[in-house]
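# What the coordinates show
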Amino acid sequence: MKLDICTLMVCCTALWVVVSSGGVKAPPPPPPGCDSMLAFSSEVSSSSEGNGNIHRRSLSPWTWKSSTEKNRIPSTLWEANCSSSFCTGTGTGTGTGHNLNSVPVYQSVLVLTRREEGHCYTAKYHSLAVGCTCVWATTSHD
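Residues numbered from 1 in each chain as written. Predicted model: local features only at pLDDT ≥ 70, side-chain atom pairs only at ≥ 80, totals over all residues. Heavy atoms only, no water.

### What to know about the overall build of the protein chain
Basically, it comes down to this: Runs of E in the DSSP output that reach at least two residues are strands. Runs of H or I that reach at least four are helices, and both are numbered from the N terminus. We call two residues contacting when some pair of their heavy atoms lies within 4.5 Å. Surface exposure here means Shrake-Rupley accessible area, sampled with a 1.4 Å probe, where a residue is shielded only by the protein chains that are shown.
Scanning the protein chain for helices and strands turns up two helices and five strands. Along its sequence from the N terminus, the protein chain presents helices and strands in the succession α-α-β-β-β-β-β. Of all intrachain contacts in the protein chain linking residues separated by at least 6 positions in sequence, the fraction that spans at least 24 positions is 47%. In the structure as shown, the protein chain presents an accessible area of about 11,100 Å², 59% of it carried by carbon and sulfur atoms.

### Focus on the environment of Pro-104
Within the secondary structure layout, Pro-104 lies in strand E4 (residues 100-114). A C-alpha to C-alpha distance of 8.9 Å links Pro-104 and Cys-134, two positions 30 residues apart in sequence. Residues within four places of Pro-104 in sequence aside, it is in contact with Cys-82, Ala-129, Gly-131 and Cys-132.

### Notes on the state of the cysteines
As used in these notes, a disulfide is a covalent bond between sulfur atoms, one from each of two cysteines. Counted only if it meets this: Pairs of cysteine sulfur atoms within 2.5 Å are what we label disulfides. For every residue, the accessible area (1.4 Å probe, protein chains only) is compared with the maximum for its type, and the residue is labelled buried under 20%, exposed over 50%, or partly exposed between those bounds.
Applying the stated criterion to the full structure yields two disulfides. The disulfide partner of Cys-82 is Cys-132, and the gap between their sulfur atoms is 2.1 Å. In this structure the cystine formed by Cys-82 and Cys-132 twists about its S-S bond by roughly -105°; its chirality is therefore left-handed. On the criterion of sequence distance, the pair formed by Cys-82 in strand E3 (residues 76-82) and Cys-132 in strand E5 (residues 121-136) is long-range, its members being 50 residues apart. Overall, Cys-82 belongs to the partly exposed group, its relative accessible area being 26%. Here Cys-87 pairs with Cys-134 through a disulfide, and the sulfurs are 2.1 Å apart. Of this pair, Cys-87 sits in the loop between E3 and E4 while Cys-134 sits in strand E5; the two residues are 47 residues apart in sequence, bridging distant segments of the chain. For Cys-87, a relative accessible area of 5% translates into the label buried. Judged by its relative accessible area of 26%, Cys-134 falls in the partly exposed class.

### Looking at the environment of Ser-85
Counting through the fold element by element, Ser-85 comes out in the loop between E3 and E4. It is 5.6 Å that separates the C-alpha atoms of Ser-85 and Asn-101, two residues lying 16 residues apart in sequence. Beyond its immediate chain neighbours, meaning those up to four positions away, Ser-85 contacts Leu-100, Asn-101 and Ser-102.

### Some points on the pairing of E4
Formally: The rule for pairing is simple: two strands pair if DSSP sees at least two bridges between them.
The pairing of strand E2 (residues 72-73) with E4 spans two bridges and is classified as antiparallel. Pairing of Ile-73 across the sheet is with Leu-112, part of E4. Counting the residues between successive antiparallel strands, the hairpin from E4 to E5 contains six residues, one of them, Gly-118, with a positive phi of roughly 125°.

### A look at the sheet that holds E4
Strand pairing in a sheet takes place through backbone hydrogen bonds and is either antiparallel or parallel in direction. Within the open sheet, the three strands sit side by side as E2-E4-E5. Their pairing is antiparallel. Each edge of the sheet is formed by a strand with only one pairing partner; in this case those strands are E2 and E5.

### Focus on unusual backbone geometry
A cis geometry characterises the amide bond from Ile-73 onward to Pro-74, with omega recorded as -5°. Take Pro-74: it is sitting in the loop between E2 and E3.

Encoded structure:
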């Protein structure tokens, strides 16, 4: 056991020497009141580029509404607003589009909000409408 403590002390001393001599840069300490620092990439995936104007071509079209808050990451969130309560151009042969309703589809999105202390953030999930879809209209028998 004595050998283990000596080995640990030698390793810690060597690490301290390397860090203090500038050989390895230690990460800066987190700001006061924060448990840890957070690093993230702002790169946006381009996997949905082939969809074109899907929000207008849908049987259940929608428009986009943005909200921006400067102390939030991402600072701008985009949410879908269904253009109508009913679906358009259904071509189902079951009657009018009034048999089908246009409803939003929701997804939980992780959002960081800056605390008043400065560089600290609180992570929280927000439910955002990301599009609209057609569903059968509800009836009293459902």
